Amino acid sequence: MKKSILASLLILIGVNNIMAQHKGNYNQITQDISRQNILTSGNANIYNPTVQHQINKTLHPSDVLTIDVKALQNVNATTYTAVFNLSQIGETAEATNALIKERIDNIKTRLNSLGITEKDFAVDVISFVPVYEVEVTKKLFSKTYTEVPKGFELQQNIHIQFTKTNQFESILEACAKSEVYNLVKVDYFIENIQEVYKNLQDKLLKLIADKKAYYTTLGFDMANYNVKIADDKYCYFPKDFYQSYQAYNSVSFEALKTNRGITSAKKQTSYYYQPLTYEQYDIVVNPSILEPVVQIGMNIKLLFTPKPKEPKQQPITKTEIDHKYYVISPNGTIDVKELNTKN
C-alpha cells in the first residue's frame, strides 16, 4: 500500500515538473499558489482577474454601430544582414590595413563554402586614427609627460548577408576564428511587403462584409447610417520584442540551520523573444512560428451613426385677395356701381 501511494506521488510530481518546464523561467510567480485550489473548486475558482472581469462584463446597447477589425501576419524574412565590428592596431598605416584585410579575407574564405560569396559582403570603414602613448621626459628638477603617436587603429564594420537562419551559426564561427566577436545587430528584410498588406486588406474587407451582413440580419438597415473610418498599418521586427529576465536567487536551508554565511552568485541576465500575442486580433495569418519573424498588422475601424430624420414639411397655405372695382358716374350722381372683372 505504501509503495502504491509513493508511486502515485512520484507520478504526480513528474507531471507537475513537465508542466513547469513548458512554462519556462520568464514569468515566475513569487508567491506559492496551491495547484489543488486552482484545479478543483477550492477557494480560487477563477485565478485570473482579467477572465473574471470579462465574464462579468456588462453590455450597454446603443444605436451607434461599430466595426473594429484587426489582422496580423507573421512573415519570415527573405534575407538577413549581420553586422560585426572589428578593430585593428599596427605600428604603421600600411601594416594596420594589411592585418585587418587578412582577417576579413579569412572570414570570406571560410564562408564561401556555405554559398555566401563576395557579393554578400560589404565593408564599412568607421575610423582610422593614430594611437597615442604618454612619454615621460626626465629633466634636472622636473618630469614632463607628452603624448606621442605610437601606431594606428583602424575600425571597420563588416556586413554579411544570408538567406537561411541556420547559416548564422557558421557565420559566428568563421568570425570568431578571425578574432571578430563584436556582433552589432542582425537586420531582417522582406521583399513583398506590399503583397502582405494587400492580403491583410482583402481579409479585413471580407470580415467587414460579414459583420455588416450580421447587423442587417439583426434588423439594422445600413443605408440609414452615416459612416466614419479610421485605419492603420504597422510593421515590427524581432529586435523590438526581446525581453529580459534574471534567475531567482537560491537559498540553502542547510546553511541557515548551521548559521553559516552565504555568498550569493551573480545571476546572468537572459533574453527571450516575445512577439505580439493574438488576443486582440480577429485574423492571424501564419500563427504558429518557430523562429523570430517580422510581424505586419492592419487595423480598420468603422463607426456608423443614424442619419438625422428629415422634419415633415407643413402644407403651404396660399392667400388670395379678391379685388373689387367701382365706377362713379361723371354726372355726379351718388349711384355707385361695382365693376365686374371676373368675366
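Residues numbered from 1 in each chain as written. Predicted model: local features only at pLDDT ≥ 70, side-chain atom pairs only at ≥ 80, totals over all residues. Heavy atoms only, no water.

Draft legend 1. Structural context of the packing of helix α4 (residues 93-112) against helix α5 (residues 168-177). Between α4 and α5, whose axes approach to 9 Å, the crossing angle comes to 145°. Considering the relative orientation of α4 and α5, their crossing is right-handed. Packed against α4, whose contacting residues are Ile107, Arg110 and Leu111, the element α5 presents Ser170, Ile171, Ala174, Cys175 and Lys177 at the interface. For the contact of α4 with α5, a count of residues per class yields five nonpolar, one polar and two charged. (Axes fitted to C-alpha atoms, helices over the stretch in contact; angles between N-to-C directions. Helix = DSSP H or I, 4+ residues; strand = E, 2+ residues; numbered from the N terminus. Left-handed = near helix turned anticlockwise from the far one by under 90°. Contact = heavy atoms within 4.5 Å. Nonpolar A, V, L, I, M, F, W, Y, C, P; charged D, E, K, R; others polar.)

Draft legend 2. Spatial organisation of the side chain of Asn85. Structurally, Asn85 is set in strand β2 (residues 79-90). A polar atom in the side chain of Asn85 sits 3.1 Å from the side chain of Gln155. Within the local environment of Asn85, its side chain forms a polar contact with the side chain of Asn157, the two groups lying 2.8 Å apart. With residues up to four places along the chain from it excluded, the contact list for Asn85 reads Gln155, Gln156, Asn157, Val180, Asn182 and Val184. (Polar contact = N/O pair within 3.5 Å; in protein donor to acceptor, adjacent residues only side chain to side chain.)

Draft legend 3. Representation of the pattern of salt bridges within the structure. Applying the stated criterion across every chain, the model contains eight salt bridges. In this structure, Lys177 engages Glu173 in a salt bridge whose closest nitrogen and oxygen atoms are separated by 3.5 Å. Of this pair, Lys177 and Glu173 both sit in helix α5, separated by four residues, roughly a single helical turn. Among the residues examined, Glu173 registers a relative accessible area of 44% and is labelled partly exposed. (Salt bridge = Lys/Arg side-chain N within 4 Å of Asp/Glu carboxyl O. Buried < 20%, exposed > 50% of the residue type's maximum accessible area, 1.4 Å probe, protein only.)

Draft legend 4. Quick look at α5. For α5, every residue scored as buried is listed here: Phe168, Ile171, Ala174 and Cys175. Projection of α5 onto a plane perpendicular to its axis shows the buried side chains occupying an angular sector of 120°, all on one side. When the buried face of α5 is taken as reference, the exposed residues oriented beyond 90 degrees from it are Glu169 and Lys177. (Arc of directions from axis to C-beta.)

Draft legend 5. Up close: the layout of surface pockets. Estimated volume of the second largest pocket: approximately 350 Å³. Lining the second largest pocket, in full, are Lys57, Thr58, Leu59, His60, Pro61, Ser62, Val64, Leu65, Thr66 and Tyr215. For the lining of the second largest pocket, the per-class residue count stands at five nonpolar, four polar and one charged. (1 Å grid on protein atoms, 1.4 Å probe; cavity = no way out; pocket = protein on both sides within 12 Å on 5 of 7 lines; lining within 4 Å. Points joined across faces, edges and corners; volume = space filled by probe spheres on them.)

Draft legend 6. Here's a closer look at the packing of aromatic side chains. Inspection of every chain in the model, using the stated rule, returns 11 aromatic pairs. With a centroid separation of 5.9 Å and an interplanar angle of 45°, the aromatic rings of Phe128 and Phe152 are classed as tilted. Here Phe128 is found in strand β3 (residues 121-138), whereas its partner Phe152 is found in strand β4 (residues 143-162), with 24 residues between them in sequence. What makes Phe128 partly exposed here is its relative accessible area of 41%. On the accessibility criterion, Phe152 (28% relative accessible area) is partly exposed. Counting every residue linked through ring pairs, the aromatic cluster contains Tyr80, Phe162, Phe168 and Tyr188. (Phe/Tyr/Trp six-rings, centres within 6.5 Å; stacked < 30°, edge-to-face > 60°.)

Draft legend 7. The pairing of strand β1 (residues 65-75), seen in detail. The buried fraction of β1 is high, at eight of 11 residues. Direction of pairing for β1 relative to strand β10 (residues 294-306): antiparallel, over a ladder of 11 bridges. Residue pairing for β10: Leu72 is matched across the bridge by Gly297. (Pairing = 2+ DSSP bridges.)

Draft legend 8. Focus on unusual backbone geometry. A positive phi angle, near 60°, is found at Glu179, a position not held by glycine. The topology assignment puts Glu179 in the loop between α5 and β5 (182-189). Of note, the phi angle at Asn286 is positive, near 60°, even though the residue is not glycine. Within the element layout of this structure, Asn286 appears in the loop between β9 (283-285) and β10.

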